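Results of the structural survey
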Amino acid sequence: MRIAIAGAAGRMGRMLLTEVHETDGAEIAGGLERPGTDGIGQDLGRLIGIDPVGVALSDDPDTVFANADVVIDFTVPAATVTNLDHARRHGTAMVIGTTGMTAEDDAKVDEAAREITVMQAGNMSLGVNLLVQVTAQVAAALGIDWDVEVTEMHHRWKVDAPSGTALMLGKAASEGRGQDHDAVAVGGRHGITGERQKGQIGYSALRGGNVVGEHSVVFASDNERVVLNHIANDRRIFAAGAVRAALWCADRSAGRYDMVDLLGLRGT
């Protein structure tokens, strides 16, 4: 499968290129960056420290999307939404790992998914997606009387909070309890907040060092707590999951999918 990377010159982009190169059945089809980015025109193999692969880093999205079966996008919401338009124009599938997407952005994803295959997840890790399913099941079993808090920590360079993974976990808890997530979510407590209201789902975000990603879901009652954790030690788990998702998209019909579909966990 021909796989291209949006944001190819960035830290995650280079990791994705390396993962594509090392994965059987996948080949590097292109790398996209903003105009003016250092390295435009450089061979993508050279960019990741291997022999030339005959494909250069480009600032022309139409060329990149036309030459790829699927494009993996871990960029920023505005760029991802624009890339969806190019994907629709060329009939190219997309794997989206971008976080910080708004409801309006999500509507754009839904619109594109009527024409192309879109695989989107706030986290491409196998372990995280299993944790999401467990969180929903625990929330359903314990019920509304247990307080739910989601905490996360990431490296100092992360620009959005709470993380996309934290939101996945919080939404899983709210769905497990039959709640409207946006109506019960609380983030960034500060000052005199008053006592915690029953049914709320709280978020706390920590930033520092080079932490890849740590997430916890805390279920607390008056006399006990249940804590679910996931710790990522290497960012490569996200790249591996994204490339696996790209390969999974082969021959899929148009639609919006996530890692639960890939792992066969829907309905479990």
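Quick note: structure is the one above.
Residues numbered from 1 in each chain as written. Predicted model: local features only at pLDDT ≥ 70, side-chain atom pairs only at ≥ 80, totals over all residues. Heavy atoms only, no water.

In this section: the pairing of strand 11 (residues 225–232). Two strands pair when backbone bridges link them, and strand 10 (residues 213–220) and strand 11 are joined in this way by eight bridges, in the antiparallel orientation. By the bridge assignment for strand 11, Phe-219 is matched with Val-226. Linking strand 10 back to strand 11 in an antiparallel pair, the connection comprises four residues. (Pairing = 2+ DSSP bridges. Helix = DSSP H or I, 4+ residues; strand = E, 2+ residues; numbered from the N terminus.)

Next up on the list: helix 5 (residues 103–112). Buried within helix 5 are the following residues: Asp-105, Val-109 and Ala-112. For helix 5, the angular spread of buried residues about the axis comes to 65 degrees, placing them on one side. Opposite the buried face of helix 5, by more than 90 degrees, sit the exposed residues Ala-103 and Glu-104. On the buried face of helix 5, the contacting elements are helix 4 (77–90), strand 5 (93–96), strand 6 (117–120) and strand 12 (255–257). (Buried < 20%, exposed > 50% of the residue type's maximum accessible area, 1.4 Å probe, protein only. Arc of directions from axis to C-beta. Contact = heavy atoms within 4.5 Å.)

Turning to the sheet that holds strand 7 (residues 147–154), a few remarks are in order. Pairing in this open sheet of five strands is mixed, and the strands run 8-9-7-10-11 from one edge to the other. A single partner strand is all that each edge strand has here, and the edge strands are strand 8 (185–187) and strand 11. When strand polarity is set aside, the average angle formed by the axes of neighbouring strands in this sheet is 15 degrees. Bridge count between strand 7 and strand 9 (residues 201–207): seven bridges; the pairing is parallel. Within strand 9, the residue paired with Met-153 across the bridge is Leu-206. Contacts from helix 6 (residues 126–142) reach strand 10 and strand 11 within the one sheet, and its direction differs from that of strand 11 by about 170 degrees. (Axes fitted to C-alpha atoms, helices over the stretch in contact; angles between N-to-C directions.)

Another point: the pattern of salt bridges. Summed over the entire model, instances satisfying the criterion amount to 14 salt bridges. Arg-236 is the salt-bridge partner of Glu-19, the closest N and O atoms lying 2.7 Å from each other. Residue Glu-19 is located in helix 1 (residues 11–22), and its partner Arg-236 is located in helix 9 (residues 236–248); the two are separated by 217 residues in the primary sequence. We note a salt bridge from Glu-111 to Arg-88, for which the minimum N-O separation is 3.2 Å. Of this pair, Glu-111 sits in helix 5 while Arg-88 sits in helix 4, and the two are 23 residues apart along the sequence. Look at Glu-111 and you get partly exposed, because its relative accessible area is 28%. On the basis of relative accessible area, Arg-88 is assigned to the partly exposed category, the value being 24%. (Salt bridge = Lys/Arg side-chain N within 4 Å of Asp/Glu carboxyl O.)

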